[in-house]
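# Residue-level structure breakdown
Single-letter residue listing:
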Amino acid sequence: MRRPPGAPMQLTTNPFEGDKPREHCGVFGIFGHEDAAAHTVLGLHALQHRGQEAAGIVTFDGAQFHSHRGIGQVGEQFSTESVIAALRGSSAVGHVRYSTTGETILRNVQPLFAELSFGGFAVGHNGNLTNAAAVRRRLVERGCIFQSTMDTEIIIHLVATSAKKTVIDRLIDALKQCEGAYSLVAVTDQAVLGVRDPLGVRPLVLGTLDGAHVLASETCALDIIGAKFVRDVEPGEMVVIDRAGPHSLRPFPPAGPRFCIFEYIYFSRPDSAVEGASVYDARKRIGAELARESHVEGDVVIPVPDSGTPAAIGYAQQAGISFELGIIRNHYVGRTFIEPTDRIRHLGVRLKHNANRALIQGKRVILVDDSIVRGTTSTKIVSMMREAGATEVHMRIASPPTTHSCFYGVDTPDRGQLLAAQQSLEEMRVSIGIDSLAFISTDGLYRAMAGEARDAANPQYCDACFTGEYPIPLTDHEQGGPPAQLALLADEI
Ligand code: SF4
């Protein structure tokens, strides 16, 4: 989205969030609860970290579908009684979205809804289809007219044009034509559906509440409504929740699961459990393994807030060095609109975080962060530590070097902007301006997660952003990206 001439620039005042990969979406669904919409709003609040740029809910009341979607956070869109009261019905699906600049327009906000030959159908999707452009081209040639630039709309068109009879068979037929990573929720006039791609790259869990059944990207969305966790939806599984309760279909041939290991490192909330493991515990174990692999003498271990905190605790406990909050966060600063002069921009990064000078002065500091993407954030933090009087600054990273982009629903810069893809470890150390730098090894990460080193022939997780081994074909990427008119459309909006 282009800034109008003369308009003030919007600064993200958190210097530690602008240089992270960003999860694209979170999904939520509920069937059989009289307060379906209100519970969906709460669920989306819990999933807000997975997407802050748009939110939407579609409900079904037994006769009609109701929808409210808008740009902004959940609290901005769903804060009035009248909006929630208008979302009548006992079944609902919801979605929070993060999108790259230029694509946050209302028609790109999910869940997408369409009146099809069999009735209404709404779908919300977390992930990315890697053959979306190829399938879209085929559909356009057949006369389909697209309203959005989202790959989710492809699923709608494939369902609409499927020759199968039931909506479930149509959705299965549609998904069999899609490659990529997806956890999706859908609502029809009969059921709420949840599906994970055959490798289960993105998370989806099933829960219960007062006899109703709930689907959500993470367990924290079950906790917020008091729902009980039942289980993870399995890779390649379709859960159909209707009046008979939830039942399970397995429409795809079995494939080795490849859950996104970055969900443990950064994306998921630490109070969630994904794939049977507490995210908080996983991060602590990764921090401890990091300390075993790359110990350095220091006086204090300091987390880079907030996502580096559990790994820093694990590191400090393993290393026997005191854990301290050396960077203090101001919780009352949101986004600010200020003039984009260099000096103000530089000061802006301190609005939300400041060094705890009394703690840092004269100390050898070990900073623990979850990842390095472009490295711009790390450079700012290091200079913040030195300005506060640190005598040495060491950095330990709770993930292997991020050397490859994600094509499965996470916004990462292309390889040219990934620091670790461009520089050696020593070059990175120098350019960040740090005394020592170490990343956890890929084997160390697997040891922390699965108890043993990575099995190269059969890795348990998707780890492509560290290894470049992509488990799902990158059809569009290999064919040169989206069609020109699609890229242009996204650019012009
Ligand atoms: Fe996760 Fe990285 Fe795989 Fe993307 S490429 S799904 S971020 S592990």
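In short, a report on the structure. (Residues numbered from 1 in each chain as written. Predicted model: local features only at pLDDT ≥ 70, side-chain atom pairs only at ≥ 80, totals over all residues. Heavy atoms only, no water.)

Before going further, it helps to examine the overall build of the chain. The helix and strand tally for the chain stands at 19 helices and 28 strands. Counting across all 493 residues of the chain, residues that qualify as buried make up 57%. Counting only contacts in the chain whose residues sit at least 6 apart along the sequence, the fraction spanning at least 24 positions is 69%. A total of about 19,900 Å² of accessible surface is found on the chain, and carbon and sulfur atoms cover 51% of it. (Helix = DSSP H or I, 4+ residues; strand = E, 2+ residues; numbered from the N terminus. Buried < 20%, exposed > 50% of the residue type's maximum accessible area, 1.4 Å probe, protein only. Contact = heavy atoms within 4.5 Å. Areas by Shrake-Rupley, 256 points an atom, 1.4 Å probe, with all protein chains shown as cover.)

This brings us to helix α16 (residues 442–450). The α-helix advances 3.6 residues per turn, and as a result positions three or four apart in sequence lie on the same side. Among the residues of α16, those classed as buried are Gly444, Leu445, Tyr446, Ala448 and Met449. Among the structural elements, α8 (262–267), α9 (279–293), β28 (461–462) and α17 (464–467) are those in contact with the buried residues of α16. Taken from the residues just after α16, Gly451 is the one with a positive phi, measuring 90 degrees.

Attention shifts here to the sheet that holds strand β7 (residues 112–116). The antiparallel open sheet is built from six strands, whose spatial order is β7-β8-β9-β10-β14-β15. If you trace the sheet from one side to the other, it starts and ends with β7 and β15 (245–249), each paired once. Neighbour to neighbour, the strand axes of the sheet diverge by 20 degrees on average, direction disregarded. Bridge analysis of strand β9 (residues 180–187) against strand β10 (residues 192–196) gives five bridges, and the strand direction is antiparallel. What sits directly across from Leu184, in β10, is Val195. Here helix α5 (residues 152–161) sits on the sheet in contact with β7, β8 (119–129) and β9, set at roughly 15 degrees to β7. (Pairing = 2+ DSSP bridges. Axes fitted to C-alpha atoms, helices over the stretch in contact; angles between N-to-C directions.)

Per the stated rule, a full pass over the model turns up 18 salt bridges. With a shortest N-O distance of 2.6 Å, Arg454 and Asp463 are connected by a salt bridge. In this structure, a network of salt bridges that share partners links the residues Arg50, Arg202, Glu218 and Glu263. (Salt bridge = Lys/Arg side-chain N within 4 Å of Asp/Glu carboxyl O.)

Right, let's talk about the side chain of Ser217 for a bit. Residue position: Ser217 is located in the loop between β12 (212–216) and α7 (220–224). Reaching out from Ser217, the side chain makes a polar contact with the backbone nitrogen of Val27 at a distance of 2.8 Å. (Polar contact = N/O pair within 3.5 Å; in protein donor to acceptor, adjacent residues only side chain to side chain.)

In this section: the site of the ligand. Contacts to the ligand come from Val201, Arg202, Cys260, Phe262, Cys406, Tyr408, Cys462, Asp463, Ala464 and Cys465. Broken down by class, the residue content of the shell around the ligand amounts to eight nonpolar, no polar and two charged. (Near = heavy atom within 4 Å. Nonpolar A, V, L, I, M, F, W, Y, C, P; charged D, E, K, R; others polar.)

Take the sheet that holds strand β24 (residues 364–369) next. Strand order in the open sheet formed by five strands is β20-β19-β24-β25-β27, with parallel pairing between adjacent strands. At either margin of the open sheet sits one strand with a lone partner, and together these are β20 (322–323) and β27 (436–439). In this structure, β24 lies alongside strand β25 (residues 392–397), joined through six bridges in parallel fashion. Following the sheet pairing, Arg364 is matched in β25 by Glu392. The strands that α9 touches are β24, β25 and β27; relative to β27, the one it contacts most, it runs at about 125 degrees.

Take the nonpolar core next. Tyr264 and Tyr315 are the most contacted members of the largest nonpolar core, which has 44 residues in total. Every element with two or more residues in this core is listed here: β16 (259–260), α8, α9, α10 (309–319), β24, α16, β28 and α17. For Tyr315, the contacting residues outside a window of four places in its chain are Gly287, Ala288, Leu290, Ala291, Ser294, His295, Val296, Val301, Ile366, Val368 and Arg396. Membership of the second largest hydrophobic core comes to 32 residues, among which are Leu129, Cys144, Ile172 and Cys178. (Core = buried A, V, L, I, M, F, W, Y, C linked by side-chain atoms within 4.5 Å.)

This brings us to the packing of aromatic side chains. Summed over the entire model, instances satisfying the criterion amount to eleven aromatic pairs. When the ring of Phe118 is compared with that of Phe121, the centres are 6.4 Å apart and the planes differ by 75 degrees; the resulting orientation is edge-to-face. What makes Phe118 partly exposed here is its relative accessible area of 25%. Every member of this aromatic cluster is reached through a ring pair, and the members are Phe259, Tyr264, Tyr446 and Tyr461. We note Arg136 situated over the ring of Phe146; from NZ or CZ to the ring centre the distance is 4.2 Å. (Phe/Tyr/Trp six-rings, centres within 6.5 Å; stacked < 30°, edge-to-face > 60°. Lys NZ or Arg CZ within 6 Å of the ring centre and 35° of its normal.)

Here we come to the packing of α9 against α16. Between α9 and α16, whose axes approach to 9 Å, the crossing angle comes to 140 degrees. Here α16 runs oblique to α9, going by the angle between their axes. Read as a crossing pair, α9 and α16 show a hand that is right-handed. Contacts between α9 and α16 pair Ala282, Arg285, Ile286, Glu289 and Glu293 from the former with Gly444, Leu445, Arg447, Ala448 and Met449 from the latter. (Parallel < 35°, antiparallel > 145°, perpendicular 65-115°, else oblique. Left-handed = near helix turned anticlockwise from the far one by under 90°.)

Before going further, it helps to spend a moment on the environment of Val233. In this fold, Val233 is placed in the loop between β13 (228–232) and β14 (238–242). Taking the relative accessible area as the measure of exposure, Val233 reaches 0% and is therefore buried. Not counting chain neighbours up to four residues away, the residues in contact with Val233 comprise Arg196, Leu204, Val205, Leu206, Leu215 and Val239.

Mapped onto the elements of the fold, Leu215 is located in strand β12. In this structure the C-alpha to C-alpha distance between Leu215 and Leu193, which are 22 residues apart in sequence, comes to 8.6 Å. Setting aside anything within four residues of it in sequence, one finds Leu215 in contact with Val27, Phe28, Gly29, Val185, Val192, Leu193, Gly194, Leu204, Val205, Leu206, Val233 and Ile241.

With an omega of 0 degrees, the peptide bond between Gln110 and Pro111 qualifies as cis. Pro305 connects to Asp306 through a cis peptide bond whose omega is -10 degrees. Positionally, Asp306 belongs in the loop between β19 (300–303) and α10. Non-glycine residue Asp210 carries a positive phi angle of around 50 degrees. Among the structural elements, Asp210 can be located in the loop between β11 (205–209) and β12. Taking relative accessible area as the criterion, Asp210 reaches 64% and is therefore assigned exposed. Its identity as a non-glycine residue notwithstanding, Glu275 has a phi of 50 degrees, on the positive side. Assignment of secondary structure puts Glu275 in the loop between β17 (273–274) and β18 (277–278).

Everything listed here is a matter of coordinates, which is why it stays silent on function.
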